[in-house]
Amino acid sequence: MTEPSRTLEVERKYDVDGDTPLPAWDAIPGVDAVTEGEPRALDARYFDTADGDLARAGVALRRRTGGPDEGWHVKGPRNRDGRLELGWPLGEGDALPSAVAEFVARWTTRPVFPLARIENARTAYLLTGPSGVVAEFVDDHVRGTDLRRGGRREWREWEMELGPAAPADDAGRDAFFQAVERAVIAAGGRESLSGSKLGRALGF
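Analysis parameters
- Residues numbered from 1 in each chain as written.
- Predicted model: local features only at pLDDT ≥ 70, side-chain atom pairs only at ≥ 80, totals over all residues.
- Heavy atoms only, no water.
- Core = buried A, V, L, I, M, F, W, Y, C linked by side-chain atoms within 4.5 Å.
- Buried < 20%, exposed > 50% of the residue type's maximum accessible area, 1.4 Å probe, protein only.
- Helix = DSSP H or I, 4+ residues; strand = E, 2+ residues; numbered from the N terminus.
- Contact = heavy atoms within 4.5 Å.
- Phe/Tyr/Trp six-rings, centres within 6.5 Å; stacked < 30°, edge-to-face > 60°.
- Lys NZ or Arg CZ within 6 Å of the ring centre and 35° of its normal.

(A) Representation of the nonpolar core within the structure. With 22 residues, the main nonpolar core has Trp25, Ile28, Met160, Phe176 and Val180 as its most contacted residues. At the level of elements, β1 (5-16), β7 (113-129), β8 (132-146), β9 (152-162) and α3 (170-187) are the ones that each hand at least two residues to this core. It is α3 that contributes the most residues to this core, seven residues altogether. What Ile28 contacts, discounting residues up to four positions off in sequence, is Phe176, Ala179, Val180 and Ala183. Judged by nonpolar contacts, the second largest core, of 13 residues, contains Trp72, Trp88, Phe103 and Val104.

What follows is the structure in structure tokens.
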């Protein structure tokens with residue numbers, strides 16, 4: 001089986017109105033610069049069985065084009081703010097690659113079908129410090145389509161994901177996110193009411 005890439009995502013999400021200005025990051029511990037925004041056009045389709053086997057296990061399966069990590073992704077069950085994401089190349093066509101199917105078989109061996117489409121006009125910013133990238137902040141303008149029941153939703157949200165130079169201990173991470181949330185609230189953002197873009201597209 002092809003070995004996937006592995007990334008531990010530690011992130012927080014925030015709801016925001018369409019005209020809300022970006023936060024100021026000058027009071028974030030360990031951050032001394034912010035890069036110019038990089039636009040990314042992302043288009044993802046999420047898959048599950050007819051009975052939602054993956055969702056019940058806390059797992060998400062998607063095929064996404066655009067951005068530096070395009071490909072097939074499996075996101076495992078969440079542990080606090082962290083979630084393990086595994087990635088494989090896009091491959092040929094839209095069919096589920098055998099390597100991905102073999103991995104997903106630990107949760108289900110039944111056929112999977114398109115569940116939702118998430119189109120995302122993203123602008124990404126790197127927050128950097130003396131040791132490198134502390135975090136990536138993204139400003140997402142999202143359109144989610146429920147492919148099974150119909151219906152479309154549009155919204156804007158922010159995400160802050162820790163980078164390789166982020167604090168390694170829980171206390172440091174907590175202090176970092178507390179400062180981020182103060183900046184987000186000051187700009188007009190708020191804690192996200194939905195745990196994922198998929199859930200929001202499906203009305204959860």
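After presenting the structure, the write-up continues.
(B) Expanded view of the packing of aromatic side chains. Summed over the entire model, instances satisfying the criterion amount to seven aromatic pairs. Considering the side-chain rings of Trp25 and Phe137, the 5.0 Å spacing of their centres and the 65° angle between planes classify their relative orientation as edge-to-face. Note that Trp25 is positioned in the loop between β1 and β2 (33-34) and Phe137 in strand β8, a separation of 112 residues in sequence. We classify Phe137 as buried; its relative accessible area is 2%. An angle of 65° between the planes, with centres 5.6 Å apart, marks the rings of Phe137 and Trp158 as edge-to-face. Placement of Phe137 in strand β8 and of Trp158 in strand β9 is noted, with a sequence separation of 21 residues between them. Trp158 shares its class with Phe137; the two are buried. Here the guanidinium or amino end of Arg106 rests over the ring plane of Phe103, the centre of that ring lying 3.8 Å away. Positioned above the aromatic ring of Trp107, the side-chain terminus of Arg106 is 5.7 Å from the ring centre.

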